[in-house]
Amino acid sequence: MRLVHTLFGMAAAVAAPGHTFAAGGENPCPPASDQVVVRFTYGSEKAAWIRDVTASFNQSGEKTVSGKRICVNAIPAGSGDSVNEIAAGKAGPDEVHATSPASDLYVNLANYRSNAQTGRDLLKVEGFLVSSPVVIAAWEPVLAGLGPRDAVGWTEIFARSSAGGFRYGQTNPETSNSGLSALVAQFYAGAGKESGAPVSRLSLAKVEAPQVRDFVARVHASVIHYGRSTGFYAEKMRSGGPRYADAVVVYESDVIQANAFIRDQRLGYPKLIAIYPQDGTFASNHPFALVERDWVDADEEDAAKRYFAFLMTPATQAKALQYGFRPSVPLDIDPRIIGLVWNPDNGVQPFETIHRFLATPSGNVIEAILAAFRTIKNQSHVVLVIDRSGSMDAKLFDQERGVQRSRMEMAVESANLLAQSLQPKDRLSLLFYDYRVQYSELTPKGQPIQMDAAGKGRLAETLSKVRPAGGTAMRSAIETAWQDLCASMKADPTDRSIRVMVVLTDGIDNASKISEPDLITKIGFARADGHGGYQGDPACKIPVFGVAFGQEADDTSLQAIGAAAGGETRRGDSADIRDIFKRFSELL
């Protein structure tokens, strides 16, 4: 019993809300003349394991063949983000020497793109660290409506999505491995449905087939919004419960950790069940790859290979078990210990269960799938709620631009960046607030603007004319935006657009007519009501994502509102504001 608490206690700590692993964490490798530093980026889903074992490696005194002490600076990041940053990188203090995305899907894609641009690979795989199947995590009552667990796959999700009323989530495949893995698996399933039998290898012809694309589009018709990281969805499911979503794509390890957290916190939610799609899924195999660029010298390459060898030792691999990862080397371990993690209480199948894993397509096929995704994904309706109170006129030093600028200028620039990420079929409403709440003349109530080139140009022109003045009625603005979005949803239930609200504030609400508790009662679909149910309107589950700009911003209130409405709030200053808006753009 002590071992059970040890395993799940550590897993629950990893899963705890608010526990994040920022890429900009403390560098464990202070400068020294006799050492070589390996900058290693890795998929954030394995952050707890990597942090634990890397600290041990750095303390071990391992040296290169030239006699230099090795120190590894391990930096968690989204799989897509980390690979893209390496491709755009250069020699210098931020250069990366080795990386481990969650799967070789991103390695194939990165090398395909690199060869097209430079004639050589970007990454060289040394081996695979651990694995965890990509699964559909569904609440136990939801699974009962989909069918027997072993018979459920993307075809059943397709049928449920077509019927409506199903809330499904997956990460953005442009930046996250679980989202890309799910997308490729959906194309495999669509190709199998078109062919009448499973396909062993996905071809360009299958990706381009209209019937296959229609299959994938139907699955995505139920997406509530996309997410930047798998951890985002895992946290939302365990904190928001069944009202947040019916099913989301995560890793098997996330399901193990989520169920442990739900039990430990006595949340009273039903069990999350890992569905291993019967029409095939991917094992996130966590390749360890060296960066094939001139900035990686012989010492750094030698050090990275020695670090990889350490990660593959049985003792280091065994430590991954407690976080729900499957080791890549044979372990001499009592099977009963493995059974403490892989068991029905944790919503997963036994460790030795055989699943149908799909073949990783070539880079050009993955590129074609991503291109197809941009055209078939569900359209969005974004309500941009912007603070134009007098405090937005305050000047700050813009570190990226190197000049003094007003908060409003930086907010306008960031809003335009978000708009540029939208597809022509997407729509946007612009709502301003000071002591009043008022739609822009560009987007009167109920009349969002299409985000084609002309619409983006008109939006930029409108935003450039905003002049700050007055007080701050943030909660009233959120209430107005929610009421109008809710009314549009009820007026046309067949419109299944992704609907989200992005709210920016730089101050303290001093002019709203609705209190924070009353607003949460009205819109907080992810907040339990204390009587076995939830707050909010079940027909209007509209996520609220907040941006608290500057130290004076009331992020406490916006955090509470966003969490209750299934979103999140980020605080930032002049150095962060653009990145925050970019993060939110990846939800769409």
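Before reading further, recall that the structure is shown in the block above.
Everything numeric here is computed off the predicted structure, so don't read it as measured data. (Residues numbered from 1 in each chain as written. Predicted model: local features only at pLDDT ≥ 70, side-chain atom pairs only at ≥ 80, totals over all residues. Heavy atoms only, no water.)

Caption draft 1: Local environment of the sheet that holds strand 2 (residues 69–77). What the 5 strands build is an open sheet, ordered 2-1-3-11-4; its pairing is mixed. Of all strands in the sheet, those with a lone pairing partner are strand 2 and strand 4 (123–128), marking the two edges. Taking the axes of each pair of neighbouring strands and ignoring which way they run, one obtains an average angle of 25 degrees across the sheet. Bridge count for strand 4 against strand 11 (residues 287–291) is 5 bridges, and the pairing is antiparallel. (Pairing = 2+ DSSP bridges. Helix = DSSP H or I, 4+ residues; strand = E, 2+ residues; numbered from the N terminus. Axes fitted to C-alpha atoms, helices over the stretch in contact; angles between N-to-C directions.)

Caption draft 2: Representation of the packing of helix 2 (residues 47–59) against helix 12 (residues 298–311) within the structure. Remark: helix 2 packs on helix 12, axes separated minimally by 11 Å, with the N-to-C direction vectors making an angle of 115 degrees. Two packed elements cross with a definite hand, and for helix 2 against helix 12 that hand is right-handed. Listed contacts from helix 12 to Trp49, Ile50, Val53, Thr54, Ser56 and Phe57 of helix 2 are Arg306, Tyr307, Phe310 and Leu311. Taken together, the residues of the contact of helix 2 with helix 12 break down into 7 nonpolar, 2 polar and 1 charged. (Left-handed = near helix turned anticlockwise from the far one by under 90°. Contact = heavy atoms within 4.5 Å. Nonpolar A, V, L, I, M, F, W, Y, C, P; charged D, E, K, R; others polar.)

Caption draft 3: Representation of the state of the cysteines in the model. Inspection of the entire model under this criterion finds 2 disulfides. The disulfide partner of Cys29 is Cys71, and the gap between their sulfur atoms is 2.0 Å. Here Cys29 and Cys71 share a disulfide; its torsion about the S-S bond, -85 degrees, makes the bridge left-handed. In this pair, Cys29 is assigned in the loop between helix 1 (2–15) and strand 1 (35–43) and Cys71 in strand 2, connecting sequence segments 42 residues apart. For Cys29, a relative accessible area of 6% translates into the label buried. Between the sulfur atoms of Cys486 and its disulfide mate Cys540 the distance is 1.9 Å. Its torsion about the S-S bond being 70 degrees, the disulfide of Cys486 and Cys540 is classed as right-handed. Of this pair, Cys486 sits in helix 18 (residues 474–491) while Cys540 sits in the loop between helix 19 (516–523) and strand 20 (544–549), placing them 54 residues apart in sequence. Assigned by exposure class, Cys486 and Cys540 land together as buried. Taken in sequence order, the bonded cysteines of the chain link in the pattern 1-2, 3-4. (Disulfide = S-S within 2.5 Å. Buried < 20%, exposed > 50% of the residue type's maximum accessible area, 1.4 Å probe, protein only.)

Caption draft 4: Highlighting the pattern of salt bridges. Across all of its chains, the model carries 25 salt bridges by this definition. Across the pair Arg427 and Asp495 runs a salt bridge, and its minimum N-O distance is 3.3 Å. You can see Arg427 sitting in strand 16 (residues 427–433) and its partner Asp495 sitting in the loop between helix 18 and strand 19 (498–505), a full 68 residues away along the chain. Each member of the pair, Arg427 as well as Asp495, is classed as buried. Close ionic contact of Arg571 with Asp555 constitutes a salt bridge, the shortest N to O distance being 2.7 Å. Of this pair, Arg571 sits in strand 21 (residues 569–572) while Asp555 is found in helix 20 (residues 555–564), placing the two residues 16 residues apart along the sequence. For Asp555, a relative accessible area of 17% puts it in the buried group. (Salt bridge = Lys/Arg side-chain N within 4 Å of Asp/Glu carboxyl O.)

Caption draft 5: View of the side chain of Ser284. Examined against the element boundaries, Ser284 turns out to sit in strand 10 (residues 283–284). The exposure class assigned to Ser284 is buried, which follows from its relative accessible area of 1%. In this structure the side chain of Ser284 is engaged in a polar contact, spanning 2.4 Å, whose partner is the backbone oxygen of Ser132. Residues within four places of Ser284 in sequence aside, it is in contact with Ala102, Ser103, Val130, Ser131, Ser132, Asn177 and Tyr251. (Polar contact = N/O pair within 3.5 Å; in protein donor to acceptor, adjacent residues only side chain to side chain.)

Caption draft 6: Quick look at helix 12. Across its 14 residues, helix 12 extends 20 Å between first and last C-alpha, which sits within 8% of the 20 Å expected from 1.5 Å per residue. Asp299, Glu300, Asp302, Ala303, Ala304, Tyr307, Phe308 and Leu311 are the residues of helix 12 that are buried. Between the side-chain oxygen of the N-cap and the backbone nitrogen of Asp299 there are 3.1 Å, and the N-cap of helix 12 in question is Asp297. (Expected span 1.5 Å × (residues − 1).)

Caption draft 7: Here's a closer look at the packing of aromatic side chains. Applying the stated criterion across every chain, the model contains 15 aromatic pairs. Ring geometry for Phe288 against Phe308: centres 5.0 Å apart, planes inclined by 35 degrees, an arrangement best described as tilted. One end of the pair, Phe288, is in strand 11; the other, Phe308, is in helix 12, and 20 residues separate them in sequence. Exposure remark for Phe288: the relative accessible area of 0% places this residue in the buried category. (Phe/Tyr/Trp six-rings, centres within 6.5 Å; stacked < 30°, edge-to-face > 60°.)

Caption draft 8: Up close: the environment of Val412. As for its placement among the helices and strands, Val412 is situated in helix 16 (residues 407–420). Classification of Val412 by relative accessible area gives buried; the value is 13%. Separated by 50 residues in sequence, Val412 and Thr462 place their C-alpha atoms 9.7 Å apart. Residues within four places of Val412 in sequence aside, it is in contact with Leu463 and Ser464.

Caption draft 9: Region of interest: unusual backbone geometry. One non-glycine residue with positive phi stands out, namely Arg266, at about 55 degrees. Mapped onto the secondary structure, Arg266 falls in the loop between helix 11 (252–264) and strand 9 (272–275). The phi angle at His286 is positive, at roughly 50 degrees, despite the residue not being glycine. Here His286 lies in the loop between strand 10 and strand 11.

Caption draft 10: Inspection of helix 17 (residues 453–464) at higher detail. Given a rise of 1.5 Å per residue, 12 residues ought to cover 16 Å, and the 17 Å separating the end C-alpha atoms of helix 17 matches this to within 8%. By the burial criterion, the buried members of helix 17 are Gly455, Lys456, Leu459 and Leu463. For helix 17, the arc enclosing every buried residue in end-on projection is 100 degrees, short of the 170-degree limit, so these residues lie on one face. Residues Ala453 and Ala454 are exposed on helix 17 and point more than 90 degrees away from its buried face. Where the residues of helix 17 are buried, they touch strand 13 (380–387), helix 16, strand 16 and strand 18 (449–450). (Arc of directions from axis to C-beta.)

Caption draft 11: The pairing of strand 13, seen in detail. Of all 8 residues that make up strand 13, 8 are buried, and the element is covered over most of its length. Going residue by residue along strand 13, you find Ser380, Val382, Leu384 and Ile386 tucked away on one face and His381, Val383, Val385 and Asp387 tucked away on the opposite face as well. Pairing of strand 13 with strand 19 involves 7 bridges; the strand directions are parallel. Bridge assignment links Ile386 to a residue of strand 19, and that residue is Leu504.

Function cannot be inferred from these measures alone, as they are strictly geometric.
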